[in-house]
Amino acid sequence: MFISFEGIDCCGKTTQVALLIERLQSLGHRVLLLREPGGTTISEKIREILLDKRNLKMTQISELLLFSASRSQLVNEVIKPALQQRSIVICDRYVDSTTAYQGYGRGLPLGAVKTINRVATMDVMPALTFFIDITVKEMHERRRASRQEADRMEMGTEEFFQRVREGYHAIAQEEPERFTVINGLQTVEAVQEEIWRRLEGRLPERND
Ligand code: TYD
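The following refers to the structure shown. Counting of residues starts from 1 at the beginning of each chain's written sequence and follows it residue by residue. Totals for whole chains, interfaces and linings use all residues, but because this is a predicted model, local features are given only for residues with pLDDT of at least 70 and pairs of side-chain atoms are given and counted only at 80 or more. Processing note: side-chain calculations cover all non-hydrogen atoms of the structure and skip hydrogens and water entirely.

## A look at the overall build of the chain
Item 1. Helix and strand counts for the chain come out as eight helices and five strands.
Item 2. To qualify as a helix, a DSSP run of H or I must reach at least 4 residues; to qualify as a strand, a run of E must reach at least 2; elements of each kind are numbered from the N terminus. In sequence order, the secondary structure elements of the chain are arranged as β-α-β-α-α-β-α-α-β-α-α-β-α.
Item 3. Against the globule reference of 17 Å for 208 residues, the chain gives a C-alpha radius of gyration of 16 Å, in line with a compact fold.
Item 4. Taken along its principal axes, the extent of the C-alpha atoms in the chain is 50 × 35 × 30 Å.
Item 5. Note on areas: Shrake-Rupley with a 1.4 Å probe; residue coverage comes only from the protein chains shown. Element-wise, carbon and sulfur atoms account for 52% of the exposed surface of the chain, whose accessible area totals about 10,500 Å². Each radius of gyration reported is based on C-alpha atoms, and the globular scaling rule is 2.2 Å times the count of residues to the power 0.38.

## Brief notes about the environment of R86
Item 1. Mapped onto the elements, R86 comes out in the loop between α3 (60–84) and β3 (88–92).
Item 2. Residue classification places R86 among the exposed positions, given a relative accessible area of 53%.
Item 3. For R86 and F2, which are 84 residues apart along the polypeptide, the C-alpha to C-alpha distance reads 9.6 Å. Relative accessibility under 20% of the residue-type maximum defines a buried residue, over 50% an exposed one, and the middle range a partly exposed one, all with a 1.4 Å probe and only protein chains included.

## So, the packing of helix α1 (residues 13–26) against helix α8 (residues 188–200)
To characterise two packed helices, one gives the angle between the axes of the helices and the distance between these axes.
Item 1. For the pair α1 and α8, interaxial distance at closest approach is 10 Å and the crossing angle is 55°. Accordingly, the angle class assigned to the pair α1 and α8 is oblique. Both α1 and α8 take part in a crossing whose hand is right-handed. Every residue of α8 that contacts α1 at T15, Q16, L19, L20, R23 and L24 is listed here: V188, V191, Q192, E193, I195, W196 and L199. Only C-alpha atoms enter the line fits that serve as axes; for helices the fit covers just the stretch in contact. Angles between N-to-C directions range over 0 to 180 degrees. An angle below 35 degrees is read as roughly parallel, one above 145 as roughly antiparallel, one from 65 to 115 as roughly perpendicular, and any other as oblique. Crossing handedness follows the turn of the near helix against the far one: under a right angle anticlockwise gives a left-handed crossing, and clockwise gives a right-handed one. What makes two residues a contact is simply this: any of their non-hydrogen atoms within 4.5 Å.

## So, the sheet that holds β3
Item 1. Only strands joined by at least two bridges in the DSSP assignment are considered to pair. One open sheet holds the five strands; their spatial order is β2-β3-β1-β4-β5, and the pairing between them is parallel. Either end of the sheet is taken by a strand with one partner, and the two such strands are β2 (31–35) and β5 (179–183). Strand-to-strand twist in this sheet, taken as the mean axis angle between neighbours without regard to direction, amounts to 20°.
Item 2. Pairing geometry for strand β1 (residues 2–6) and β3, over four bridges, is parallel.

## Quick word on the nonpolar core
Item 1. Residue types Ala, Val, Leu, Ile, Met, Phe, Trp, Tyr and Cys, when buried and joined through side-chain atoms within 4.5 Å, form a set referred to as a nonpolar core. Counting 40 residues, the largest nonpolar core has F5, I90, Y101 and L199 as the members making the most contacts within it.
Item 2. In terms of residue count, the dominant contributor to this core is helix α7 (residues 158–174) (six residues).
Item 3. In contact with Y101, not counting residues within four places along its chain, are G7, I8, D9, R93, R106, M153, F160, F161, V164 and Y168.
Item 4. Judged by nonpolar contacts, the second largest core, of 12 residues, contains F2, I79, C91 and Y94.

## With respect to the pattern of salt bridges
Item 1. For salt bridges, the criterion is a side-chain nitrogen of Lys or Arg within 4 Å of an Asp or Glu carboxyl oxygen. For the structure shown, the criterion picks out 16 salt bridges.
Item 2. For K13, the salt bridge identified is with D92, shortest N-O distance 2.6 Å. Taken together, the positions of K13 in helix α1 and D92 in strand β3 put the pair 79 residues apart, joining distant regions of the chain. Neither residue differs from the other here; K13 and D92 are each classed as buried.

## Comments concerning the pairing of β1
Item 1. Burial analysis of β1 places five of its five residues in the buried class, which makes it a mostly covered element.
Item 2. Judged by which residues are buried, β1 turns out to be covered on both faces: F2, S4 and E6 on one side and I3 and F5 on the other are all buried.
Item 3. Bridging between β1 and strand β4 (residues 128–133) involves four bridges; their strand directions are parallel. The residue of β4 that forms the bridge with I3 is L128.

## Concerning the site of the ligand
Item 1. Around the ligand lies a shell of 15 residues, among which D9, K13, R93, T98 and Q102 are the nearest.
Item 2. At 3.0 Å, a side-chain N or O of D9 approaches an oxygen atom of the ligand.
Item 3. Each polar contact in these results corresponds to two N or O atoms within 3.5 Å; when the atoms are within protein, one needs to be able to donate a hydrogen and the other to accept it, and residues that are neighboring in sequence are counted only if both atoms are side-chain atoms. Residue Q102 places a side-chain N or O atom 2.8 Å away from a nitrogen atom belonging to the ligand.
Item 4. About the coverage of the ligand: the protein hides 89% of its 550 Å² of free accessible area.
Item 5. Put simply, the parts of the chain that give the shell around the ligand at least two residues each are α2 (41–51), α3 and α4 (95–105).
Item 6. Broken down by element, the residue count for the shell around the ligand peaks at four residues, all from α4.
Item 7. Amino acids are sorted into nonpolar (Ala, Val, Leu, Ile, Met, Phe, Trp, Tyr, Cys and Pro), charged (Asp, Glu, Lys and Arg) and polar (every other residue, Gly among them). When the residues that make up the shell around the ligand are grouped by side-chain class, the tally is five nonpolar, three polar and seven charged. Proximity criterion: a residue is near a molecule or strand once any of its heavy atoms comes within 4 Å of it.

Printed below as a string of structure tokens:
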């Protein structure tokens, strides 16, 4: 089973993914965690290029194609083989990030983004996607509190992140079966419970 997590920066994905994996493993499931961009030797090299603050000359099209190239490697080298072995694959960001950030955020033509997404994923899509939704204001507050240095993608403007968030909501409208919106302003425990309630009935047999 393939599951992905989405959201704007600082939404709490990483915490929620870690909690979910713990729970799945304690029930005897075999779980593989991946993060995008990254997860293969080539994809990690592409990640460095994408997040490097010095790469200010990067065109929006290069950005789109690099995220997609990284994904193509991950799908072929890791995701497909793991799904064939009936692992639960959890991806911290996947193709919806490209739709939201490069399509809605950067304003690249959505039709072209959709086509490139299909080429890069070869239509390997998550059965379930959890979009942990926070406001842009909350994102700024959390970022200030954590005092982490922003990478190239995190240097986007307020309006950029508003558009990214709107993009995620547009996907939710289009694909309500797969794409679940979860209010990320709740406590960590409440978010996790919502995720679990949605997922529990759909889990495969344990593979121990
Ligand atoms: P990362 O440090 O992994 O951030 P996070 O913890 O928020 O996932 O950096 C990934 C950044 O790349 C993040 O700002 C979102 C962005 N991104 C895109 O713009 N398009 C994509 O297709 C993907 C996968 C990520």
